[in-house]
Amino acid sequence: MSYQKSLYEVGDIIGENKEQLFQNRHFDPQQKKVLTSLANCRTMALGYHRDQCDNNACKHEHYSYNSCRDRHCPKCNGLKRWKWVLDRTENLLPVKYFHTVFTVPHEVNYLFKSHPVEMNNLLFHCAWQTIDEFCSRS
């Protein structure tokens, strides 16, 4: 496996469609902050820094735009995430398994934000009941 840079970048897509995106959907302040960070990452909006070769014969200068450092950003954390996945892959057992995702309707997200412990306990309880029921049918 090797890490490849994407042809399309999330930040570019968000940046090009930001007005329409924010106009047509409701995002809470945290979500808006993340989307704005992703759109601004490594652009002039976050400023830049200058790197200079310390070899006196060279003194080459290179300017780079600053990163947003948001944990959701694929530019800032893509390689780190890729390495994390590879590290986890080494711990997998050599057996077949199913990756299952349990979701809740968007309308109850506010309950998870206001009562995270209770709601996550309830979600895991319901998820286990569902898995248990499906396993007992086979």
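Everything discussed here concerns the structure shown above.
From a predicted model like this one, the values you see are computed outputs, not experimental measurements.

Definitions and cut-offs
- Residues numbered from 1 in each chain as written.
- Predicted model: local features only at pLDDT ≥ 70, side-chain atom pairs only at ≥ 80, totals over all residues.
- Heavy atoms only, no water.
- Patch = residues over 30% accessible without salt bridge, like charges linked within 9 Å, V, L, I, M, F, W, Y side chains within 5 Å.
- Areas by Shrake-Rupley, 256 points an atom, 1.4 Å probe, with all protein chains shown as cover.
- Salt bridge = Lys/Arg side-chain N within 4 Å of Asp/Glu carboxyl O.
- Helix = DSSP H or I, 4+ residues; strand = E, 2+ residues; numbered from the N terminus.
- Core = buried A, V, L, I, M, F, W, Y, C linked by side-chain atoms within 4.5 Å.
- Buried < 20%, exposed > 50% of the residue type's maximum accessible area, 1.4 Å probe, protein only.
- Contact = heavy atoms within 4.5 Å.
- Phe/Tyr/Trp six-rings, centres within 6.5 Å; stacked < 30°, edge-to-face > 60°.
- Lys NZ or Arg CZ within 6 Å of the ring centre and 35° of its normal.

A.B. asks: Tell me what's going on with a nonpolar patch on the surface, and back it up with residues and numbers.
C.D. replies: On the surface, a nonpolar cluster with roughly 470 Å² of combined accessible area is contributed by Met 44, Tyr 48, Tyr 63 and Tyr 65. Here Met 44 is to be found in the loop between helix H2 (29-40) and strand S1 (48-52).

A.B. asks: For the nonpolar core, give the residues involved together with the corresponding values.
C.D. replies: Counting residues in each nonpolar core, the largest one holds nine residues, listed as Ile 14, Phe 27, Val 34, Leu 35, Leu 38, Ala 39, Cys 41, Cys 68 and Cys 73. Broken down by element, this core gets its largest block of residues, four residues, from H2. When sequence neighbours within four positions are dropped, the list of residues in contact with Ala 39 reads Gly 11, Ile 14 and Gly 15.

A.B. asks: Go over the packing of aromatic side chains, please, and point to the residues and values.
C.D. replies: Applying the stated criterion to the full structure yields two aromatic pairs. Ring geometry for Phe 22 versus Phe 27: centroids 5.8 Å apart, planes at 65 degrees, classification edge-to-face. Judged by relative accessible area, which is 15%, Phe 27 ranks as buried. Seen in terms of ring centroids, Tyr 48 and Tyr 63 are 5.7 Å apart; in terms of plane orientation they differ by 65 degrees. Their pairing is edge-to-face. With Tyr 48 in strand S1 and Tyr 63 in strand S2 (residues 61-65), this residue pair connects regions lying 15 residues apart in the sequence. Just above the ring of Phe 22 sits the side chain of Lys 32; from NZ or CZ to the centre is 5.8 Å.

So yeah, pure geometry; function would need other evidence.
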